[in-house]
Amino acid sequence: MQIYLDNGATTKLAKEVKKAMEPYLDEMYGNASSLHKWGREARKAIEKSRETIAKSINADAGEIIFTSGGTESNNLAIKGAAFAQKDGKNHLIISKIEHDCVLNSSKWLEKQGFSVTYLDVDKYGIVNPKELQNAITDKTFLVSIMHANNEIGTILPIEKYGKICREKGVLFHTDACQSFTKVPIDVKVMNIDLMTLNAHKIHGPKGVGALYIRNGVKLIPWQHGGGHEFGKRSGTENVSGIVGFAESVNLLTKEEKDKMTELRDYLTAELLKLPETHLNGHPKERLSNNVNISFHFIEGESLLMHLDMRGIAVSTGSACSSHSLEPSHVLLAIGLKHEVAHGSIRFTLSRYTTKEEIDYTIKQVNEVVGILREMSPMKKGMKYDVVDEHHH
Ligand SMILES: Cc1ncc(COP(=O)(O)O)c(C=O)c1O
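Residue numbers restart at each chain and count upward from 1, following the sequence in its written direction. Reporting in this predicted model follows two pLDDT cut-offs: at least 70 for local features of residues, and 80 or more for side-chain atom pairs to be given and counted; totals over whole chains, interfaces and linings ignore these cut-offs and use all residues.

Would you mind going over the confidence of the model for the chain in detail, with residue names and values included?
For every residue, the pLDDT score states the predictor's confidence, bounded by 0 at the bottom and 100 at the top. When pLDDT is averaged across the chain, the result is 95; 94% of the residues are at 70 or more. Any two residues are considered in contact once their C-beta atoms, placed from the backbone, lie within 7 Å. Across residues 318-322, where pLDDT falls below 50, the model places 10 contacts with residues more than four positions away in sequence or in other chains.

An account of the domain arrangement of the chain is needed here, citing residue identities and associated values.
Domain boundaries shown here were taken from an automatic or database domain assignment. Domain annotation of the chain identifies domain 1 (3-9 + 252-375) and domain 2 (15-249). Look at where the C-alpha atoms of domain 1 and domain 2 centre, and you get two points 28 Å apart. Listed per partner, the contact involves 25 residues of domain 1 and 20 residues of domain 2. Numbering of helices and strands runs from the N terminus, with a helix taken as a DSSP run of H or I at least four residues long and a strand as a DSSP run of E at least two residues long. Elements represented by at least two residues in the side of domain 1 that touches domain 2 include exactly β10 (290-295) and α10 (329-333). The element that contributes the greatest number of residues to the side of domain 1 that touches domain 2 is α10, accounting for four residues.

Go over the sheet that holds β10, please, and point to the residues and values.
In this description, strands pair whenever DSSP reports at least two bridges between them. Strand order across the open sheet formed by three strands is β9-β10-β12, with antiparallel pairing between neighbours. Where the open sheet ends on each side, the last strands, each with one partner, are β9 (277-279) and β12 (344-348). Along the sheet, successive strands turn relative to each other by an average axial angle of 25 degrees, direction set aside. Sheet analysis places β10 next to β12, joined by five bridges and oriented antiparallel. When the bridges of β12 are listed, V291 appears paired with F347. What counts as an axis is a line fitted to C-alpha atoms, over the stretch in contact for a helix, and the angles between N-to-C directions run from 0 to 180 degrees.

Mind laying out the sheet that holds strand β3 (residues 91-95), listing which residues take part and the relevant values?
Across a sheet, strands are paired by hydrogen bonds formed along the backbone, either parallel or antiparallel in direction. Pairing within the open sheet is mixed, and its seven strands lie in the order β2-β8-β7-β6-β5-β3-β4. Each edge of the sheet is formed by a strand with only one pairing partner; in this case those strands are β2 (64-67) and β4 (115-119). When the angles between neighbouring strand axes are averaged without regard to direction, this sheet yields 20 degrees. Bridge count between strand β5 (residues 140-144) and strand β6 (residues 171-175): three bridges; the pairing is parallel. Counterpart to V143 in the pairing with β6 is F172. The sheet contacts of helix α3 (residues 70-83) involve β2, β3, β5, β6, β7 (194-198) and β8 (209-213), and relative to β7 the element is tilted by about 165 degrees.

In C-alpha cells:
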C-alpha cells in the first residue's frame, strides 16, 4: 500500500484541475499581454480565474493579484507594506508560529531598521486578542497572523484580530494557505486587508498563488518590470497555473470535508489509545485534515522513516524545515520540551484519503511505536517532562 498523509506539505493535482489546465499548456499558449487571439484567450482565462478566486473570499476581482505562491505573497504583503509607509511607522507584529516565509521576511525587515514584535501563543497555538491589542503602538503599520497553522492545524480567531486592527487603523494580513477552502473566509466580515493564498495545498498546481490586497491598501511592488498584475507583480502570467488554481478552489465538497473530519477524528482517537501520546494543536478549532501527535520517548524522524518503509508518507515539523535538526519553532512556541517536539508527527489527510488507508496507518504506527519504544534509551529512567515548566 502507498499512503500519502502529507497533504499539509503539498497535494496531488486533481484530475479536474489537470484537465482545465491542459488547453493552456497546449494550443492556448499565448502571452496574456499580447493583443492577438492567442493573447486574448489567455487574458480571458486569467480574468475569469481572478473572478472565481475573488468570489470565493467575497473580494472584488481587482483586489486579487497572482503570484508564484504562498512564499511570494507573504513576502510581498509584509515587505511591500513596510516600504509603503510614509509617516514614519516602522513597527510590525507577527505571531511566533508563522510560516518561515513570514518569520524570515520579518527578521529581514529588522535588519533594515524596522522593529518587530513576536507574539506568544497559548498551548493550542492561539494568540490572545488582548495581547495583540496591547502590542499595537502608534508606530505599528501591520499585523500578520496566520489563519491556520500548517504544523498543528489550529485555526486562529482572525476575525477578532481583524476587528482590533481595523479599529486601531493598522493593516491586517493573514496567511491562509492552509485554511483556504477548508474554512470559510470572508475578507469583508473578517476585516482582512491582505491575505495570502496558494494552489498546491488544495490539489492545484505548485508555483502559483495569490495575494488579496484590499482596495486602497498601498504596497510597494517587489518585482519590477512590465507592470503586470495592476503594476504590483510584473512578469508574464503563469496562465495554466492560474487556471488550475481557480479550478481547485471549488473542488472540496461538504461531503468530502465531513468525511475527512470523521477520518481525522478516528485517526486521532485511535493513535491516542497508545500510551504516552498527546495531540498537539486545538482539539476542536483545527483543520479538517490535520492530526499532530507527540509520541513520547521516541524520535519522530525514526518513526517517519519506518512508516516510509511501510509505504506511508507523514512529516515531522513542517516539510520546509524538516531538513534541520532544530525542533519545530511552532512546537516550541506551544510549550513543548525539545525532546517531545522531536517525537511529534503530522498526519495530513485529503479528499482522497480512505478509511482503509487510515486503518492500515493505525496498525503500522502501533507496530513501529512498539518497536521504537523497546529500543528507546529515553524510556529507561530518564526524566521526561512534556511541557516546558517555564512556558505557561
Ligand atoms: C502556512 C503556509 N504559508 C506559506 C506556505 C508557502 O507556500 P508556497 O509553498 O506556495 O510558497 C506554506 C506551505 O508551504 C504554508 O503552509
